[in-house]
Amino acid sequence: MNRRKFLRNSSGATAGTVIVNSLPSFLRFQDISGKPKKSKFSHRLPKSDTHYKATSGYVEDEPVAEYTWAPDKAYEDFMDMKFGIRLHWGIYSNTQKEASWPFLKMSLNERNAYEELYKAWDPVGFDADEWTDFFVDSGAKMFSFTSKHHDGFSMFDTKTRVRSHANWLAPGGTKMEDCDVAYSIMETPFKRDVVKELCDAAHKKGLKIDLYFSHPDWYDTDFRPYNYHPLQVPDAATLAVLGKDRRSEMEESEKRFGESGPVIVPNPDPREVNRMMKRHRAQLEELVTRYGKIDMVCLDQWLGPTVWPQLRETMLYLRKLRPDVMYRARGIGNYGDCYTPEGFVPGSKENSDVPWFVIYPLGETFSYDPHPDKYKGSKWIVDNLIDSVAKGGNFMAAIGPDGNGKFHPKAIEQLRQTGAWLRVNGEGIYATRAREGELWKEGEQVRFTRSKDNKTVYGFSLEWPGDQLVLQSVKPKERSKIYLMGSNTPLKWIYDSSGGLVIELPTELIAKMSKAGKLAYGFKIEV
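Residues numbered from 1 in each chain as written. Predicted model: local features only at pLDDT ≥ 70, side-chain atom pairs only at ≥ 80, totals over all residues. Heavy atoms only, no water.

J.: Please set out the overall build of the protein residue by residue, giving values where relevant.
T.: Secondary structure summary: the protein contains 14 helices and 19 strands in total. Buried positions account for 59% of the 527 residues belonging to the protein. The long-range fraction of contacts in the protein, counting pairs at least 24 apart against all pairs at least 6 apart in sequence, stands at 77%. Of the roughly 20,900 Å² that the protein leaves accessible, carbon and sulfur atoms contribute 49%. (Helix = DSSP H or I, 4+ residues; strand = E, 2+ residues; numbered from the N terminus. Buried < 20%, exposed > 50% of the residue type's maximum accessible area, 1.4 Å probe, protein only. Contact = heavy atoms within 4.5 Å. Areas by Shrake-Rupley, 256 points an atom, 1.4 Å probe, with all protein chains shown as cover.)

J.: I'd like a rundown of the packing of aromatic side chains, residues and numbers included.
T.: Under the counting rule described, the total for this entry stands at 31 aromatic pairs. Residues tryptophan 131 and phenylalanine 407 carry aromatic rings whose centres are separated by 4.9 Å and whose planes lie at 55° to one another, so their mutual orientation is tilted. One end of the pair, tryptophan 131, is in helix 6 (residues 128-137); the other, phenylalanine 407, is in the loop between strand 11 (394-399) and helix 13 (409-425), and 276 residues separate them in sequence. Here the two residues tryptophan 131 and phenylalanine 407 agree in accessibility, since each one is buried. Directly above the aromatic system of tyrosine 317 lies the positively charged group of arginine 281, at a separation of 5.0 Å from the ring centroid. Residue placement shows lysine 376 over the ring face of tryptophan 380; its charged tip is 5.1 Å from the ring centre. (Phe/Tyr/Trp six-rings, centres within 6.5 Å; stacked < 30°, edge-to-face > 60°. Lys NZ or Arg CZ within 6 Å of the ring centre and 35° of its normal.)

J.: Summarise the pairing of strand 2 (residues 142-148); cite the residues concerned and give the values.
T.: Where burial is concerned, most of strand 2 is hidden: seven out of the seven residues are buried. Two elements, strand 1 (residues 83-87) and strand 2, share four bridges in a ladder whose sense is parallel. The residue bridging isoleucine 85 from the neighbouring strand is phenylalanine 143, located in strand 2. Sheet topology places strand 2 next to strand 5 (residues 208-214); six bridges connect them, and they run parallel. Bridged to methionine 142 within strand 5 is lysine 208. (Pairing = 2+ DSSP bridges.)

J.: How would you summarise the sheet that holds strand 13 (residues 446-450) if you had to cite specific residues and measurements?
T.: Spatial strand order, 12-13-14-19-16: five strands in an open sheet with antiparallel pairing. Each edge of the open sheet is held by one strand with a lone partner, namely strand 12 (441-442) and strand 16 (482-484). The sheet strands contacting helix 12 (residues 378-390) are strand 13 and strand 14 (456-461), and the helix crosses strand 13 at an angle near 55°. (Axes fitted to C-alpha atoms, helices over the stretch in contact; angles between N-to-C directions.)

J.: Describe the side chain of aspartate 300, with residues and values.
T.: Within the secondary structure layout, aspartate 300 lies in strand 8 (residues 296-300). Of the polar contacts made by the side chain of aspartate 300, one reaches the side chain of arginine 330; its length is 2.8 Å. Once residues within four sequence positions are removed from consideration, aspartate 300 is found in contact with His51, His150, Tyr212, Phe213, Ser214, His215, Pro216, Arg328 and Arg330. (Polar contact = N/O pair within 3.5 Å; in protein donor to acceptor, adjacent residues only side chain to side chain.)

J.: Describe the sheet that holds strand 18 (residues 500-504), and please don't skip the residues or the numbers.
T.: Within the open sheet, the three strands sit side by side as 15-18-17. Their pairing is antiparallel. Only two strands of the sheet have a single partner each, and these edge strands are strand 15 (468-471) and strand 17 (493-496). In this sheet, neighbouring strand axes are inclined to one another by 15° on average, regardless of whether the strands run parallel or antiparallel. Of the strand pairs in this sheet, strand 17 and strand 18 are connected by four bridges, and their pairing is antiparallel. Opposite tryptophan 493, over in strand 18, you have isoleucine 503 as the bridge partner.

Below, the structure written as structure tokens:
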């Protein structure tokens, strides 16, 4: 079937209607009117967000009455973290390509070879303590790890089983075949639960944990056709509609699949859909209950309108199991706790009043990048971190280890330089808040944060300002001491209402600073 047609075709009595109505009672959602429990934090995603737009046609903006978000303390802890490291690691790391997405454009022979890679994977270079020591040395307060990406390979000891997968090279063309595998790290020669080892090491070092989990699963054929699954069906437009804009939907589909297009197979039946949603829920339950305290779950992508009622029930169930877990909003709209701008820092402080965490690759892609010249530098990390925090958000630098579990030397070098800078300037970053209104910046080079008690303003100049730093929006208290962070010598300053605050900067100050200290310049001011 032509790749354009699979997005348009839909029978009159859609498969989606049959599937939803055929669900057992424990997977059905009962509509209840009313409003959810109030919180002092906003739960409204920016309407410009791609994932919000993709689900806004069927995920209700106002969550159901019995739904509760994470408690306010979890939100405060989230807003205190400020800096973290995002990790993509899976069998795709053996290919040194982008995580999962290239699979959709592979030939059938290449897909078959990819899904056999795990049988020989033995990443003996992985050391959870070494990784987490590196995160701490980099100044990170958290990390996010891909427990399962779109390709369906689980990096943890899941007890769930895949019951059907694609035989890409079956005689006569691709066929769905019965199987009984976990498709996980425990079925590799390595046979170690990577998620458990990382969580255990993180708990010892006080790092907060964010476990990434992809809604779609491209290995398990029960998950067809939801969200760019390589197996699509005649009723894909009904089952897995990608939002309100069908033209954008088709353009996005062509970009993901390329000219080869997806493989078209029959619609899923009720048994397959029930099995899919039970496994989806069971894996999320495993992640939030088996590894000690988990602070966040980083959901990704979405499933579609016909199974949204079941996914909503899953979220209600997970909230009862672990009420304090923060959930990324992808695939669940305003049921989510946090928003994640990806590959950009919002230009405006008011881009979103939902707690947010920028995710930005340090190399060219989110997974392992073998090219040293592609790593953006510690100066880039620090500038984006300061900019994010000044606007009220957090910042994650994304890296990936190679197939053996080792990070690129450039990634290590640049993140450790960032950690050295944060050991001097971290007081003005961690557990701070944004100033009111437009007071988060002055010009292009100066950003501000403040202490929670509003007694201290921290000014950051992204470049050395010269002999003087002039600030128009900061009024020190009388006889206030102003410091360049990292120096114990108070700086001379004057203030008047017309000229603002003028801080004198002796030339010997910069001469004494380390290379890492010169990434950006932080000033502590009592106000």
